[in-house]
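Understanding the architecture of this molecule
Okay, here's what each chain looks like letter by letter:
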Amino acid sequence: MNPRSLTAVSACVLSLATGGALLAQSADDKDTITVPKREFQQLLEEHRQMMQEMKALKAQIGKTATLEKSVADNDTAIEDLEKQIKETKQIAKDAAQGSTKFHLGGYGSATYTAQDNGGANGFAATFNPIFLWKINDKVFFEGEAEFELGGTETSTALEMAHISYIANDYLTVSAGKFLNPANYFVERQHMAWVNKLPDKPLAVYDGLMPETEVGFQARGAVPVGPFKIGYAAYVANAPQLKTDLSSPADLGSLEYNNFDNVGRHISTGGRVGIHLLPEFEIGYGAQYADVAPVGYGHSVKSFLQSVDASYVRDSIALKGVLNAKVQWVWSHIDRFDYDPAGGLGDGFDRAMKRNGGYAQIAYRPTHCDMAFVKNVEFVFRYDLIQQANTPVGVDERRSTVGLDYWIGPSTVVKTAYEFDHQSGANASRHNTLLIQLATGF
Amino acid sequence: MQSIERTLSNLAKVLLPVLAFGLVVGCTTPKAKAPAGKSTTAAAPQGATLWAQNCGFCHNSRSPDSLGNAQWDVVTVHMRLRANLTADDARQISAFLRSSH
């Protein structure tokens, strides 16, 4: 109640108190009121007391108002302080890793593999630090090292290192060693914390298309109406055709790590991807190169192709995220006579055709209320590689069921069981149990 | 060793489907929640939508709080290049990330 309304109320109270006594008088005489002295003094006394109380009340209200004001002041002060703390925190965060434009990312994994039928068994570990450096608004550097411990050996590799120049909104050019943009799984899915299963699908990884390229690349994205189209095109060292008779199974396959560019051939390739919907992308990638060995009079062409599709939907109706991916690759290498002397028998003068790929579906009930359940992801993958009609002599198909538990957005424990099926001259079937801990940072 | 292997793989064959079934059945509470909207989405509404649409497409998205502005600056360029995001989308996502922590 504010002081003015209090005065009004007390005036009413006063007039009511006196009113009753005066009413009788006013009936007799309208101008003068006669009140007995004692009563008048009593009323005067009551009036004085009321005035005092009102004064006290007024003082009290004044105090409360000051208090309210100081509480409000305090609130703004706290808000200001919070803002300042946030800003300071931000400055500290920004300053924490040196000069603002560098980021150290990467990933690591530890995998246990147990195969039946006398296959592989044991632990392996990988560590891939990634150095990202935004040199300025136009120039960006990306480098990744790979340390891999498997069996008794540690291998070290420069997975990629390339520098990019952002020419404009639609074009970036880069040079160096980069992940093969034509191969969707390799460029966007193979990292241990991204890949939902502990191992990689047949044919697309360590298979029918290179993982990395050394050369130049141009890439970018263009919105076209409601669609978004991304492209990448590159020229790079061509792969090298394997013609070494001492390893017959490898004849007619490609050595991708052709850093010296033996044969001096250039490969050209790229990928175009279209987001038909924000949650659905399809893509086509290809690479073309002459891979004729040094000194061979003719060209031997290799043509590698890939189609991919990816669908990721966060659905309330499904109570979670549905993630489906498919990729299929074809490899064609022109006819070549690998064994002109005929020492290895028939079948080494021919074109090499291989294909394979994978389809994977994963579901994670992210909208489930149970904390434990929403971190669980179910995965199923079917992958295959068909090369029975090549010196490798095996077609392989696998069905893999996986169960992942996400400890954080990029830390996961994956378990999987792989049912293997092989056919062809050199078939040897192994079912595999895999357990992996992976983290991205 | 062989027997451990066999036990493990048999265990996996039995446990995985059972666990999967148990978890699906266990998740019976149908209360679906919209993705945790931050008050700051208002500061860059388009960026927030683009972030939600793009940044969980290839991997789980990380909380905007997990990195500072300078780090997000670097990562957003990295992702723009890696994922072939349009420059405009990348700018709006960047504005959202800046505004949300």
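Structural data are supplied above this passage.
Focus on the pattern of salt bridges
Residues and elements named next belong to chain A.
- In the structure shown here, the tally under the stated rule is 24 salt bridges over all chains.
- One salt bridge in this structure joins D116 and R429, with 4.0 Å as the shortest N-O distance. You can see D116 sitting in the loop between β1 (102-115) and β2 (121-134) and its partner R429 sitting in the loop between β17 (411-423) and β18 (432-440), a full 313 residues away along the chain.
- The partly exposed category is assigned to D116, whose relative accessible area is 23%.

Quick look at the environment of P278(A)
- Mapping P278(A) onto the fold places it in the loop between β10 (266-277) and β11 (280-290).
- In sequence terms P278(A) and V312(A) are 34 residues apart; their C-alpha atoms lie 8.8 Å from each other.
- Filtering out sequence-adjacent residues up to four positions away, P278(A) remains in contact with Q53(B) and F57(B).

Describing the packing of helix α3 (residues 69-82) of chain B against helix α4 (residues 87-99) of chain B
Residues and elements named next belong to chain B.
- Across the interface, α3 lies against α4 with an axial gap of 10 Å and an inter-helix angle of 160°. Taken together, the axis directions place α3 and α4 in an arrangement best described as roughly antiparallel. Between α3 and α4 lies a crossing of right-handed hand. When α3 is examined against α4, the residues N69, W72, D73, T76 and R80 are found in contact with a partner set consisting of A87, A90, S94, L97 and R98.

Remarks on the side chain of S109(A)
Residue and element names in this part refer to chain A.
- Within the secondary structure, S109 sits in strand β1.
- Here T126 takes part through its side chain, which lies 2.6 Å from a polar atom of the side chain of S109.
- S109 has contacts with A124, A125, T126, A192, Q436, L437 and A438, leaving out every residue within four places of it along the chain.

Re empty space enclosed by the protein
- Tallying each qualifying case throughout the model produces five cavities of 30 Å³ or more.
- Volume-wise, the largest cavity comes out at about 130 Å³.
- Along its surface, the largest cavity is lined by 13 residues, and E142(A), H162(A), Q217(A), R219(A) and R82(B) are the ones closest to its centre.
- For the lining of the largest cavity, the secondary structure elements donating two or more residues are β4 (153-168), β5 (171-179) and β6 (212-224) of chain A together with α3 of chain B.
- Looking at which element gives the most residues to the lining of the largest cavity, the answer is β5(A), with four residues.

Section: unusual backbone geometry
- Notably, N117(A) is not glycine yet its phi reads approximately 55°, a positive angle.
- One non-glycine residue with positive phi stands out, namely N84(B), at about 50°.
- When you line up the elements, N84(B) lands in the loop between α3 and α4.
- Under the relative-accessibility criterion, N84(B) is labelled buried at 11%.

Reading the values: rules and limits
Residues numbered from 1 in each chain as written. Chains lettered and ligands numbered in written order. Predicted model: local features only at pLDDT ≥ 70, side-chain atom pairs only at ≥ 80, totals over all residues. Heavy atoms only, no water. Salt bridge = Lys/Arg side-chain N within 4 Å of Asp/Glu carboxyl O. Helix = DSSP H or I, 4+ residues; strand = E, 2+ residues; numbered from the N terminus. Buried < 20%, exposed > 50% of the residue type's maximum accessible area, 1.4 Å probe, protein only. Contact = heavy atoms within 4.5 Å. Axes fitted to C-alpha atoms, helices over the stretch in contact; angles between N-to-C directions. Parallel < 35°, antiparallel > 145°, perpendicular 65-115°, else oblique. Left-handed = near helix turned anticlockwise from the far one by under 90°. Polar contact = N/O pair within 3.5 Å; in protein donor to acceptor, adjacent residues only side chain to side chain. 1 Å grid on protein atoms, 1.4 Å probe; cavity = no way out; pocket = protein on both sides within 12 Å on 5 of 7 lines; lining within 4 Å. Points joined across faces, edges and corners; volume = space filled by probe spheres on them.

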